[in-house]
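Below are the chains, spelled out letter by letter.
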Amino acid sequence: MTEPDCLFCKIVAGDIPADVVHETAATLAFRDLQPQAPVHVLVIPKQHQPTAGALVQTDPTVLAEVIAAARDVAVSEGVSDSGYRLVINTGADAHQSVFHVHVHVLGGRAMGWPPG
Ligand code: DGP
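Below is a summary of the structure that appears in this document. Predicted, not measured: the structure shown is a model, and the values here were computed from it. (Residues numbered from 1 in each chain as written. Predicted model: local features only at pLDDT ≥ 70, side-chain atom pairs only at ≥ 80, totals over all residues. Heavy atoms only, no water.)

A few points about the environment of Ala26
Threshold: Helix and strand assignments follow DSSP, with helices taken as H or I runs no shorter than four residues and strands as E runs no shorter than two, numbered in order from the N terminus. The contact definition used throughout considers only heavy atoms, calling two residues in contact when any of these lie within 4.5 Å.
Structurally, the position occupied by Ala26 is in the loop between β1 (20-23) and β2 (27-31). For the pair Ala26 and Thr61, spaced 35 residues apart in sequence, the C-alpha separation works out to 10.0 Å. Once residues lying within four places of it in the same chain are set aside, the contact partners of Ala26 are Ile44, Pro45, Lys46 and Glu65.

Some thoughts on the site of the ligand
Let me state the cut-off plainly: Nearness here has a simple test: a residue counts as near a molecule or strand if at least one of its heavy atoms is within 4 Å of that partner. Polar contact criterion, stated in full: a pair of N or O atoms within 3.5 Å, where within protein one must be able to donate a hydrogen and the other to accept it, and residues adjacent in sequence count only if both atoms are side-chain atoms. Residue burial considers only the protein chains on display, and all accessible areas are found by Shrake-Rupley using a 1.4 Å probe.
The local shell around the ligand holds 16 residues, among which Asp32, Asn89, His95, Ser97 and His104 are the closest. The separation between an oxygen atom of the ligand and a polar main-chain atom of Val98 is 3.0 Å. At a separation of 2.9 Å, an oxygen atom of the ligand approaches a polar side-chain atom of His102. When the ligand sits alone it has 510 Å² of accessible area, and the protein chains cover 87% of it. If you list the elements that add at least two residues to the shell around the ligand, you get α1 (7-13) and β2. Tallying contributions element by element places α1 first for the shell around the ligand, with three residues.

Describing helix α3 (residues 60-76)
For clarity, the threshold we go by: One less than the residue count of a helix, multiplied by 1.5 Å, gives the span that helix is expected to have.
Between its terminal C-alpha atoms α3 stretches 25 Å, which fits the 24 Å expected from 17 residues at 1.5 Å a residue. Against the buried residues of α3 lie β1, β2, β3 (39-45), α2 (52-58), β4 (84-87) and β5 (103-107).

Let's talk about the pattern of salt bridges
Note the threshold: In what follows, salt bridge is the name for a side-chain nitrogen of Lys or Arg lying within 4 Å of a carboxyl oxygen of Asp or Glu. Only protein chains enter the accessibility calculation, which uses a 1.4 Å probe. A residue is then buried if its area is under 20% of the maximum for its type, exposed if over 50%, and partly exposed in between.
The tally for this structure, following the rule as stated, stands at four salt bridges. We note a salt bridge from Arg31 to Glu77, for which the minimum N-O separation is 3.1 Å. In this pair, Arg31 is assigned in strand β2 and Glu77 in the loop between α3 and β4, connecting sequence segments 46 residues apart. You can call Arg31 partly exposed: its relative accessible area is 34%. Judged by relative accessible area, which is 22%, Glu77 ranks as partly exposed. Note that Arg71 and Asp72 form a salt bridge whose closest N and O atoms lie 2.9 Å from each other. Residue classification places Asp72 among the partly exposed positions, given a relative accessible area of 30%. Each of the salt bridges in this network shares a partner with another, and the network as a whole consists of Asp19, Arg31 and Glu77.

This is the structure we're talking about:
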(Lines give C-alpha, C1' and ligand atoms only; values in the text may rest on other atoms or scores of the structure.)
Protein backbone atom coordinates (compact mmCIF):
# COMPACT_ATOMS: atom_id res chain seq x y z
CA MET A 1 0.00 0.00 0.00
CA THR A 2 1.46 3.37 -1.05
CA GLU A 3 0.18 6.94 -1.10
CA PRO A 4 1.09 8.95 -4.22
CA ASP A 5 1.63 12.20 -2.32
CA CYS A 6 3.57 10.69 0.61
CA LEU A 7 7.20 11.82 0.93
CA PHE A 8 8.41 8.59 2.53
CA CYS A 9 6.55 6.43 -0.02
CA LYS A 10 8.52 8.35 -2.67
CA ILE A 11 11.78 7.52 -0.82
CA VAL A 12 10.76 3.83 -0.72
CA ALA A 13 10.05 3.97 -4.47
CA GLY A 14 13.44 5.61 -5.13
CA ASP A 15 11.81 8.74 -6.55
CA ILE A 16 13.45 10.91 -3.85
CA PRO A 17 17.06 10.16 -2.84
CA ALA A 18 17.93 9.17 0.71
CA ASP A 19 21.05 8.05 2.57
CA VAL A 20 19.91 4.47 3.23
CA VAL A 21 21.71 2.67 6.06
CA HIS A 22 19.59 -0.49 6.46
CA GLU A 23 16.92 -2.34 4.48
CA THR A 24 14.78 -5.43 4.89
CA ALA A 25 11.88 -6.76 2.83
CA ALA A 26 9.42 -4.76 4.93
CA THR A 27 11.49 -1.83 6.26
CA LEU A 28 13.84 0.94 5.16
CA ALA A 29 16.17 3.07 7.30
CA PHE A 30 17.79 6.31 6.15
CA ARG A 31 19.48 9.33 7.72
CA ASP A 32 17.25 12.21 8.80
CA LEU A 33 17.67 15.32 6.65
CA GLN A 34 17.67 17.52 9.77
CA PRO A 35 19.71 15.51 12.30
CA GLN A 36 19.10 16.30 15.98
CA ALA A 37 21.95 14.10 17.25
CA PRO A 38 25.21 12.65 15.85
CA VAL A 39 23.18 9.53 14.97
CA HIS A 40 19.71 10.32 13.65
CA VAL A 41 18.17 7.64 11.45
CA LEU A 42 14.53 7.17 10.48
CA VAL A 43 13.17 3.62 10.24
CA ILE A 44 9.96 3.17 8.29
CA PRO A 45 7.76 0.34 7.08
CA LYS A 46 7.71 0.20 3.28
CA GLN A 47 3.93 -0.02 3.38
CA HIS A 48 2.10 3.23 3.99
CA GLN A 49 0.38 3.74 7.32
CA PRO A 50 0.06 7.22 8.80
CA THR A 51 0.83 6.38 12.44
CA ALA A 52 2.20 3.62 14.65
CA GLY A 53 -1.29 3.19 16.07
CA ALA A 54 -2.69 2.54 12.60
CA LEU A 55 0.12 0.12 11.75
CA VAL A 56 -0.20 -1.90 14.94
CA GLN A 57 -3.90 -2.36 14.23
CA THR A 58 -3.44 -3.39 10.60
CA ASP A 59 -0.11 -5.26 10.67
CA PRO A 60 1.51 -5.64 14.11
CA THR A 61 4.26 -7.95 12.84
CA VAL A 62 5.52 -5.18 10.56
CA LEU A 63 5.68 -2.76 13.49
CA ALA A 64 7.76 -5.36 15.33
CA GLU A 65 10.04 -5.58 12.28
CA VAL A 66 10.46 -1.78 12.35
CA ILE A 67 11.55 -1.95 16.00
CA ALA A 68 13.93 -4.84 15.22
CA ALA A 69 15.41 -2.80 12.36
CA ALA A 70 15.83 0.18 14.71
CA ARG A 71 17.77 -2.07 17.08
CA ASP A 72 19.97 -3.27 14.19
CA VAL A 73 20.62 0.36 13.18
CA ALA A 74 21.64 1.24 16.75
CA VAL A 75 24.14 -1.63 16.65
CA SER A 76 25.54 -0.78 13.20
CA GLU A 77 25.76 2.95 14.10
CA GLY A 78 27.73 2.08 17.25
CA VAL A 79 25.33 3.47 19.86
CA SER A 80 23.80 0.30 21.29
CA ASP A 81 26.19 0.30 24.27
CA SER A 82 26.28 4.07 24.94
CA GLY A 83 22.50 4.31 24.61
CA TYR A 84 19.96 5.53 22.13
CA ARG A 85 16.40 6.80 22.02
CA LEU A 86 13.56 5.54 19.81
CA VAL A 87 10.93 8.22 19.18
CA ILE A 88 7.60 7.86 17.38
CA ASN A 89 5.90 11.24 17.14
CA THR A 90 2.15 10.81 16.69
CA GLY A 91 -0.11 13.72 15.81
CA ALA A 92 0.13 17.49 16.02
CA ASP A 93 0.94 17.88 19.73
CA ALA A 94 3.83 15.44 19.34
CA HIS A 95 5.21 17.35 16.31
CA GLN A 96 4.55 14.64 13.71
CA SER A 97 5.24 16.32 10.37
CA VAL A 98 5.37 13.32 7.99
CA PHE A 99 2.30 11.09 8.12
CA HIS A 100 4.02 7.84 7.18
CA VAL A 101 4.94 6.11 10.41
CA HIS A 102 8.62 6.40 11.28
CA VAL A 103 10.83 5.63 14.26
CA HIS A 104 13.58 8.14 15.00
CA VAL A 105 16.79 6.41 16.18
CA LEU A 106 18.73 9.07 18.10
CA GLY A 107 22.11 8.58 19.72
CA GLY A 108 25.72 9.64 20.01
CA ARG A 109 25.13 12.26 22.73
CA ALA A 110 23.46 12.42 26.14
CA MET A 111 19.80 13.42 25.90
CA GLY A 112 17.69 15.17 28.48
CA TRP A 113 14.44 14.04 30.01
CA PRO A 114 11.62 15.00 29.92
CA PRO A 115 11.56 15.90 26.21
CA GLY A 116 10.70 19.48 25.30
P1 DGP B 1 8.44 13.95 12.50
O2 DGP B 1 8.50 15.40 12.92
O3 DGP B 1 8.46 13.01 13.71
O4 DGP B 1 7.27 13.69 11.56
O5 DGP B 1 9.78 13.65 11.70
C6 DGP B 1 9.92 13.81 10.33
C7 DGP B 1 11.40 13.84 10.05
O8 DGP B 1 11.59 13.65 8.65
C9 DGP B 1 12.10 15.15 10.41
O10 DGP B 1 13.04 14.90 11.45
C11 DGP B 1 12.81 15.58 9.14
C12 DGP B 1 12.75 14.35 8.27
N13 DGP B 1 12.60 14.61 6.85
C14 DGP B 1 11.69 15.43 6.27
N15 DGP B 1 11.82 15.39 4.95
C16 DGP B 1 12.85 14.52 4.68
C17 DGP B 1 13.45 14.06 3.47
O18 DGP B 1 13.09 14.42 2.36
N19 DGP B 1 14.50 13.18 3.61
C20 DGP B 1 14.93 12.75 4.85
N21 DGP B 1 15.95 11.89 4.87
N22 DGP B 1 14.37 13.17 5.99
C23 DGP B 1 13.34 14.04 5.91
